[in-house]
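What follows is each chain in one-letter form.
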Amino acid sequence: MKHATSTNHNPKCDSSEAKRIIIVDDHPLFRKGLEQLINSESSFAVCGEADNAGEAMDVIRNLNPDLVIVDLSLPGANGIELIKNIRAEFQRLPILVLSMHDESLYALRAMRAGADGYVMKHEAMANVIQAIHEVSNGRPYLSPAMAAQVITKFSHRQTEGEVDAVERLSDRELEILELIGKGNEVREIAKLLHLSPKTVETHRAHIKDKLDLKNSREVARFALQWLQSRGG
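Rules used throughout
- Residues numbered from 1 in each chain as written.
- Predicted model: local features only at pLDDT ≥ 70, side-chain atom pairs only at ≥ 80, totals over all residues.
- Heavy atoms only, no water.
- Salt bridge = Lys/Arg side-chain N within 4 Å of Asp/Glu carboxyl O.
- Helix = DSSP H or I, 4+ residues; strand = E, 2+ residues; numbered from the N terminus.
- Buried < 20%, exposed > 50% of the residue type's maximum accessible area, 1.4 Å probe, protein only.
- Contact = heavy atoms within 4.5 Å.
- pLDDT = per-residue confidence, 0-100.
- Axes fitted to C-alpha atoms, helices over the stretch in contact; angles between N-to-C directions.
- Parallel < 35°, antiparallel > 145°, perpendicular 65-115°, else oblique.
- Nonpolar A, V, L, I, M, F, W, Y, C, P; charged D, E, K, R; others polar.

A separate point is the pattern of salt bridges. Counted according to the given criterion, the structure contains 14 salt bridges. In this structure, Arg87 and Asp116 form a salt bridge, with 3.3 Å as the shortest nitrogen-oxygen distance. A residue pair is termed long-range when its members are at least 10 positions apart, and Arg87 in helix 3 (residues 79-89) and Asp116 in the loop between helix 4 (103-113) and strand 5 (117-120) qualify at 29 residues. Overall, the relative accessible area of 25% leaves Asp116 in the partly exposed class. The closest approach of N and O atoms between Asp209 and Lys208, which form a salt bridge, is 3.2 Å. We classify Asp209 as exposed; its relative accessible area is 53%. One connected set of salt bridges, linked through shared partners, spans Asp25, Asp71 and Lys121.

In structure tokens, the structure reads:
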């Protein structure tokens, strides 16, 4: 896949007054819409794009941005792995997650990996500018609903067994568990995550073993009940 290392048509990228932003997302149309929204703010400028984790690291090194916006579902290495890689190399670079995945499932994992904020894509146009302002100024950003949920989670611990079981899953396994719970078949999940069906089946087998389930049908039942318990 090709990517643009710089949006050369944007003169604000050469200005010291605008915050220079990179978007990492594998959907060109979404990137374009987000770029237009961000560029409408005088203090922000989208100066680079990438559609996978490897390209993202190259663009960040080349452009030295002020902020990176990362999607969690990327071909190859996922967004949480990318966040860890960015944080290892650029300790102070603000990272904002913009994802289709439910904030309640992924925000804490993303923040633990090194992200500074989390916005769901269906809320993006309403909240992304505020989120960019917050993380640019060194403040974490979560939606009000998620912030309240985090407080509740820590003040009223959920069932320990259930929390521990799901916490044993890797980031990719959690992503696949969510998609199974939403009724997706192996081939559909493979297409959504840019993986081979065999790789998805391997991850599903690991989920089955880690959650001590007997077969793929039990995995699907657990995934559905787990999502429903979180209002998914």
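Anyway, onward from the coordinates.
Right, let's get into unusual backbone geometry. Phi angles above zero are rare outside glycine, and Asn64 is one such case at about 50°. Judged by relative accessible area, Asn64 falls into the exposed class, the value being 54%.

On to the side chain of Asp25. Among the secondary structure elements, Asp25 is positioned in the loop between strand 1 (19-24) and helix 1 (28-39). Looking at Asp25, the relative accessible area reads 1%, which means it is buried. With residues up to four places along the chain from it excluded, the contact list for Asp25 reads Phe30, Arg31, Ala50, Asp51, Asp71, Leu74 and Lys121.

The next subject is the confidence of the model for the protein chain. Per-residue pLDDT for the protein chain has a mean of 86; in total, 89% of the residues score no lower than 70. Strand 3 (residues 67-70) holds the highest mean pLDDT among the elements of the protein chain, 97, whereas helix 7 (residues 160-167) holds the lowest, 62. In this model, residues 1-8 is a region of pLDDT below 50 whose contacts with residues beyond four sequence positions or in other chains number 24 contacts.

So, about the packing of helix 9 (residues 186-193) against helix 10 (residues 197-210). Orientation of helix 9 relative to helix 10, taken along the N-to-C sense of each, is 110°, at an axis distance of 8 Å. With respect to helix 10, the element helix 9 is oriented roughly perpendicular. Here Val186, Arg187, Ile189 and Ala190 of helix 9 lie close against helix 10, whose contacting residues are Pro197, Val200, Glu201 and Arg204. Split into classes, the residues belonging to the contact of helix 9 with helix 10 amount to five nonpolar, no polar and three charged.

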